[in-house]
Every structure is written in C-alpha cells, then in structure tokens.
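# Working through the structure, step by step
Okay, here's what each chain looks like letter by letter:
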Amino acid sequence: MSILNADLRTALAGVTGLLIDVDGVLTLRGRPIEGAAEALAHLDRAGLPYLLATNVSAVSRATLASRLGERLGQPVAAERIVSALSATAALTARRFPGRPLGLMATPDAATEFAGQETTTPGRAQAEGLALAAVVVGDSPEMMGHDELDAAFRQIRGGARLVAMHRGPWWLGEHGPTLDTGAYAAALEFATGRRAILGGKPATSFFRQACARLGLPADQVAMIGDDPRADISGARRAGLRTVLVTGGKTAPADLDGLPLRARPQALATGLDEAVAALDIGA
C-alpha cells in the first residue's frame, strides 16, 4: 500500500500513549495550528497519556509550558514536556556526575541543569578549568567566535562534545532560522569529534520519553513533522510513527527518503491523528 493511502486507524491500532512534537504539530511560526488545542483537550478528556516531545533547547520546560499555554489558549503543564534540553540535562547527569560542564545555553535553559556544575567554555578557558563536556544548545549570544573558539579548544583538550539536537534550521516567526545543529556540526568538523546527542533523533530520547509514560515503545506513537528528527529516531526506538504534513514537510518531500525516515501513516494535523485513535469522545 502506498504511504499516501496509509490507514491512520490501522497504524494507530493498539496505541495507548503519544509523543507529540510541538513546532509543526501544535504551533507553526509561533502561532497555534488549527485543531491542535482541541485535539489535546480530547486526549485529556479520554485520559490517554501523552507527552510533548520537542527539540526546543532555548528555554526551560516551565517557560515553554507557559508560552504554549498562552498560544493554545489552555494550560500546559511543564511535566507534560520532554525536550532536547531536559533530555540532555538528564544525560549529562548520568554520564558526567560531579564534573564541570561548559554550557552553551541561555540562562533560562541552564535552570534544567540544576545540581550540576556548569560554566561557559569562555569562563573555563579564562580560569584554566578542564571541562568534562561542552554542551551545545540554542543560544545565539553564546555562538560568537570567541565562545566557539573556547569550546573548540576544550574539546581538542579532551572534553566531550554534547549536542542537544542536530536540527540545522527551524521555521521561526521570520521564516527558516539557523538552529543548534549547525553550530554542533561546525564544532564536529573543526575537532573531528562526533557529538553525543541528547534530543531527537537519539534513541535514548525516545526511550526516556516512553519510560516517563510507563509504556512499552510499541504501544506509543510519535506524531511529528520532521522525517529525520521525529520519524527515523522513533522508528529505531520501536515506536509507531505518524507524519503531520503542512509544516516543514509535504507528502512530495518523502520521495527518495530512506525507509527509516518514512512514517507508517500521514495526517493533515494532530486533530486527524487523534480522531483515528480508539479512544472515547
């Protein structure tokens, strides 16, 4: 059967939990997508567990929840969110306990690293401090030459490179906007070191999210708009996959993509995907 004729109801049969992307599924260019808020309200009424799974790394979950609530016109709990930022903070806490991190992130994003020793690559260089890892997030003010140069030196000196995600760009309020992955790729190129990935499409991201839902991966569906970040990572982790069209990806864009980046079904929006679930009104 062609992917364009895939039956959403069949693809979602037996699903008991959802991971839902934010940009391109709930909002687009900072504005709510029609039907998305109503779809979330439907899930809440039906009691189907879900998490908002996003590669946002510029702001904390608390700030993101507040902004989303304003845009969608209904409350969003920070506990409902798993982000590239929060997943990376959990990763560094496990892998580098008690060791200093060079954090390239906004002050608000840094609050997710509470309890961990953080500084910036520039301050670490000035103080002669050897970092365990350099962590790259979405922080334009941290991406100037001097800070990137200090990060480069720390990585060459033995620090691990950690990228919150690999997204090269996203659809911001002013159109396509450079994203975290572009800076991580620059440091990878300059140092010859491969980054450890915290957010999508890392398998660890999806496993962490399923663990928070308390569900096995094969009972969870990822609903996203990015074939590589959302679909390929979720498929590797064993989740069901639905691609929402109309954001950054159109059906024609799927031509030529590898099998791992192809979803099991397409939906015009979150509302259509939720309507195909076997849940109450």
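Located above this text is the structure these notes cover.
Notes on the structure follow.

Parameters and conventions
Residues numbered from 1 in each chain as written. Predicted model: local features only at pLDDT ≥ 70, side-chain atom pairs only at ≥ 80, totals over all residues. Heavy atoms only, no water. Salt bridge = Lys/Arg side-chain N within 4 Å of Asp/Glu carboxyl O. Helix = DSSP H or I, 4+ residues; strand = E, 2+ residues; numbered from the N terminus. Buried < 20%, exposed > 50% of the residue type's maximum accessible area, 1.4 Å probe, protein only. Phe/Tyr/Trp six-rings, centres within 6.5 Å; stacked < 30°, edge-to-face > 60°. Lys NZ or Arg CZ within 6 Å of the ring centre and 35° of its normal. Pairing = 2+ DSSP bridges. Axes fitted to C-alpha atoms, helices over the stretch in contact; angles between N-to-C directions. Core = buried A, V, L, I, M, F, W, Y, C linked by side-chain atoms within 4.5 Å. Contact = heavy atoms within 4.5 Å. Right-handed = clockwise from strand over helix to strand, strands pointing away.

### Comments concerning the pattern of salt bridges
Taken as a whole, this structure holds seven salt bridges when the rule is applied. In this structure, R166 engages E188 in a salt bridge whose closest nitrogen and oxygen atoms are separated by 3.0 Å. Here R166, found in the loop between β9 (160-163) and β10 (169-172), pairs with E188, found in helix α8 (residues 180-191); they are 22 residues apart in sequence, far enough to count as distant. Residue class for R166 comes out partly exposed when judged on its relative accessible area of 25%. Since its relative accessible area comes to 12%, E188 is described here as buried. Between R194 and E188 there is a salt bridge, with its nearest N and O atoms 3.9 Å apart.

### Points about the packing of aromatic side chains
Two numbers describe a pair of aromatic rings. These are the distance of the centres and the angle of the planes. Under the defined criterion, the tally for this structure stands at one aromatic pair. Judged by centre distance (5.4 Å) and plane angle (80°), the rings of F205 and F206 are edge-to-face. As far as burial versus exposure is concerned, F205 and F206 are alike and both buried. Its guanidinium or amino end placed over the ring of Y50, R80 lies 4.0 Å from that ring's centre, counting from NZ or CZ.

### Remarks on the sheet that holds strand β4 (residues 50-54)
As summarised here, the arrangement of the six strands in space is β5-β4-β1-β13-β14-β15, forming an open sheet in which the pairing is parallel. Two strands bound the open sheet, and with one partner strand each, they are β5 (81-83) and β15 (265-267). When the angles between neighbouring strand axes are averaged without regard to direction, this sheet yields 25°. Bridge analysis of strand β1 (residues 17-20) against strand β13 (residues 220-224) gives four bridges, and the strand direction is parallel. Residue pairing across strands places L18 opposite A221, the latter belonging to β13.

### Describing the sheet that holds strand β12 (residues 196-197)
Strand order in the open sheet formed by five strands is β7-β6-β8-β9-β12, with parallel pairing between adjacent strands. Lying at the two open borders of the sheet, with one neighbouring strand each, are β7 (118-119) and β12. Relative to β12, β9 runs parallel, the two being bridged by two bridges. Bridging across to β12, A163 finds its partner in L197.

### Details of the nonpolar core
A general trend in soluble globular proteins is that nonpolar side chains are found buried together. Of all hydrophobic cores here, the largest spans 36 residues; its most connected members are L18, I20, L26, L40, L43, L52 and L270. Looking at which element gives the most residues to this core, the answer is helix α2 (residues 36-46), with five residues. Those residues within four positions of I20 in sequence are excluded, and the remaining contacts are V25, L26, L40, L43, Y50, L51, L52, A53, M222, I223 and L270. Listed in part, the 17 residues of the second largest apolar core include L161, A163, A184 and L197.

### Section: the pairing of strand β14 (residues 240-244)
Most of β14 sits inside the fold, with five of its five residues counted as buried. Because side chains alternate across β14, one face comprises the buried residues R240, V242 and V244, and the other comprises T241 and L243, equally buried. With four bridges connecting them, β13 and β14 associate as parallel partners. Note on β14: the bridge partner recorded for A221 is R240. Taken together, β13, helix α10 (residues 227-236) and β14 form a β-α-β motif whose crossover is right-handed. One ladder, built from three bridges, connects β14 with β15; its direction is parallel. Each bridged residue has a counterpart across the sheet, and for V244 the counterpart in β15 is A267.

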